[in-house]
Amino acid sequence: MLTVLNMSRMRINDAVWRFLLCRDTKFMSFVTAFMSGFTGTAGTAVVTLTSAYMFTDGRFHIQAAQQMDSNWTLVKSGVNGLPDWDGWLLQNVAPGMRVGVDPTLVSIGSINRFSPDLLKRGASFVFPRRNLVDSIWVDKPPLPRDKIHVHPLQYAGTHASEKLSLAQETIQSSIDAQYYLLSSLADIAWTLNLRGNDIPYNPLFLAYLLIGLSETVLFVDLAKLDGEVLRYLVEQLKVTVKSYKTVWQFLPLLSGKCLTSDDISYAIFTSIPPSTVCFLSYPSPILAARGLKNHVELSGFRKGNLRDSVAWVRWAAALECSIEKGEEVNEWEAGERLTRERKRSEQFLMLAKPNISAAGPNAALPHYEPPRVGSRKLDRAAPYLCDSGPHYLDSSIDITRTVHFGRPTTAQKRLFTLALKGHIAIDSAVFPEGTTGYQLDLWARKAAWKYYEDYTHGTGHSVGSCLPIHEGPHGFGKGKILDIVPLQVGHILTNEPGLYWADDFGVRTESMLTVKLVKMDEHGNKWFGFDRLTQIPI
């Protein structure tokens, strides 16, 4: 964990007033966990020569407060008007100050959105060549070297050659464009129908993919490719394979216009000749396409949810018997029992996230992870919340149920009922074509708002197919970004209203849904609704 002494050792020179770390990449959680002790998946660290601040949203306020020590100040973004890191920084910079940023850990989109306001205050970004955290991280773990494997067509539903053609059509539709650069690991895995094991709880691998009209190049650790995968890439897809590190020498040589998304790192952006970069609007064609599941993927989600629901019910029945017998079961053990039940399936690949197995006050932490040693024991007085899911070869699962092994109190029943009303409102919604998840989010909160209750996380998110369970571009929530893409047939979402009383208990019910056509009226207007994929009792 970073201390004040170590902060001073990260100093570049007197001109660099702040060191800023933005959580824009998958691996950044390891960096901030090393720095602060906070292991949540959303947060931004701002470190000065004398102080350190962690900015995170309402899902992680309690967790961050528990995990960080006195060296760190938690800023609860969005609470009582408190700003996020960017607003806070603008309030605290002065003319002549420079903000140090690791260019590999912040996107060009973040820089472009923030730089104008920073410049108005006479301040600017500086990008040190040396990663300041690495200079004090003496036991940093090596990058993973697990093998990459082909994701079979029987699960993908669409051949990778068709997906590459989609990218090439995007290139052809843009004047003078020659290339399409992918840096999103999920986009790369989806496009090539490949899966890996570089990122915990995600079947992804580190790579860059440069798609051209005449040549496509995959930059990847060559040691991760066996003969079968190499032949698949070279012979079937006509992809040129190069070492992961050579991307830094290859990109500066591009001569034609290169399409990409503004979530690429600032370091990658500055490696491409500046006159050739053209940013695609959100969502990119690849992201939009992988959000729309084909019929094979939809079938896989139905099979996967049924399989997982059976495993969950077996686990829950055995757990209830253990509690009735008076056996001591703690949160960690309960989660491990569920994982073992899921692993019985030959389709099981890995967990999609750590088990959120939480009893009593720990259930008030939306992203609580029980420790192996010292986790709370399940009892008959407090609700028990379990939010979990695996990656199967044919689907990815994310579900939550809250149960009680005794007699719930009036307050527990009231909060559970309010959250369930919101869940049912989404589950039974019927809406016209063109409706977004941003518009439907209110339906999930209406019952709770009547009693002055609310939750700080979104109501639901898109789910990948044997890919990250938080996908995009659609979902239910208050963020305006969810008002861009209307819900349509082929979209998969979670439905997860929850309510929490800090230091007491929390409740959440989460099921997976797919959008369906309900009716075509006499005027030709389409009306949509949802099919529930999850088959677990509430």
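Above: the structure in question.
This one's a predicted model, so the numbers in the text were calculated from it and none came from an experiment.

What counts, and at which threshold
- Residues numbered from 1 in each chain as written.
- Predicted model: local features only at pLDDT ≥ 70, side-chain atom pairs only at ≥ 80, totals over all residues.
- Heavy atoms only, no water.
- Pairing = 2+ DSSP bridges.
- Helix = DSSP H or I, 4+ residues; strand = E, 2+ residues; numbered from the N terminus.
- Contact = heavy atoms within 4.5 Å.
- Phe/Tyr/Trp six-rings, centres within 6.5 Å; stacked < 30°, edge-to-face > 60°.
- Buried < 20%, exposed > 50% of the residue type's maximum accessible area, 1.4 Å probe, protein only.
- Lys NZ or Arg CZ within 6 Å of the ring centre and 35° of its normal.
- Axes fitted to C-alpha atoms, helices over the stretch in contact; angles between N-to-C directions.
- Parallel < 35°, antiparallel > 145°, perpendicular 65-115°, else oblique.
- Left-handed = near helix turned anticlockwise from the far one by under 90°.
- Polar contact = N/O pair within 3.5 Å; in protein donor to acceptor, adjacent residues only side chain to side chain.

A few points about the sheet that holds strand 15 (residues 348–351)
Part 1 of the reasoning: Strand order in the open sheet formed by three strands is 15-18-19, and the pairing between neighbours is antiparallel. The open sheet has two free edges, formed respectively by strand 15 and strand 19 (395–396), since each of these has just one partner strand.
Part 2 of the reasoning: One ladder, built from three bridges, connects strand 15 with strand 18 (residues 390–392); its direction is antiparallel. Bridge pairing in strand 18 places M350 opposite H391.

What about the environment of P83?
Part 1 of the reasoning: Residue placement: P83 occurs in the loop between strand 4 (72–76) and helix 4 (85–92).
Part 2 of the reasoning: In the structure, P83 is positioned 28 residues away from I111 in sequence and 18 Å away in space, judged by C-alpha atoms.
Part 3 of the reasoning: Dropping the residues within four chain positions of it, P83 is found in contact with F55, V75, S77, W88 and Q91.

Some points on the packing of aromatic side chains
Part 1 of the reasoning: Within the structure shown, the criterion is met by 18 aromatic pairs.
Part 2 of the reasoning: Geometrically, the ring pair formed by F269 and F279 is stacked, given 5.8 Å between the ring centres and 25° between the ring planes. Here F269, found in helix 11 (residues 266–271), pairs with F279, found in strand 14 (residues 277–279); they are 10 residues apart in sequence, far enough to count as distant.
Part 3 of the reasoning: When its relative accessible area of 33% is taken as the criterion, F279 is described as partly exposed.
Part 4 of the reasoning: Seen in terms of ring centroids, Y384 and F405 are 6.3 Å apart; in terms of plane orientation they differ by 25°. Their pairing is stacked. Of this pair, Y384 sits in strand 17 (residues 384–388) while F405 sits in the loop between strand 20 (399–403) and helix 15 (410–427), and the two are 21 residues apart along the sequence. Of the two residues examined, Y384 and F405, each falls in the buried class.
Part 5 of the reasoning: Among the aromatic residues, ring-to-ring pairing joins W85, F114, F125, F127, Y266, F269 and F279 into one connected group.
Part 6 of the reasoning: The residue whose ring lies beneath K163 is W190, and the NZ or CZ to ring-centre distance is 4.2 Å.

Focus on the packing of helix 4 against helix 5 (residues 108–120)
Part 1 of the reasoning: The contact between helix 4 and helix 5 brings their axes to 10 Å, and the two run at 15°. One element, helix 4, and the other, helix 5, form an angle in the roughly parallel class. Here helix 4 runs over helix 5; the crossing is right-handed. Here W85, D86, L89 and L90 of helix 4 come into contact with helix 5, specifically with F114, D117 and L118.

Considerations on unusual backbone geometry
Part 1 of the reasoning: In the segment running from Y282 into P283, the intervening peptide bond is cis, with an omega of -5°.
Part 2 of the reasoning: Here P283 shows up in the loop between strand 14 and helix 12 (285–291).
Part 3 of the reasoning: A cis geometry characterises the amide bond from G472 onward to P473, with omega recorded as 5°.
Part 4 of the reasoning: Backbone geometry places K238, a non-glycine residue, at a positive phi of 60°.

What to know about the sheet that holds strand 17
Part 1 of the reasoning: Pairing is antiparallel across the open sheet formed by three strands, whose spatial order is 16-17-20. The outermost strands of the open sheet, each flanked by one partner alone, are strand 16 (356–359) and strand 20. Sheet twist, expressed as the average angle between the axes of neighbouring strands with direction ignored, equals 10°.
Part 2 of the reasoning: Relative to strand 20, strand 17 is paired through five bridges, and the arrangement is antiparallel. Bridging from a neighbouring strand, C386 pairs with R401 of strand 20.

Things to note about the environment of S161
Part 1 of the reasoning: Its location among the elements puts S161 in helix 7 (residues 160–172).
Part 2 of the reasoning: Taking the relative accessible area as the measure of exposure, S161 reaches 33% and is therefore partly exposed.
Part 3 of the reasoning: Here H159 takes part through its side chain, which lies 2.9 Å from a polar atom of the side chain of S161.

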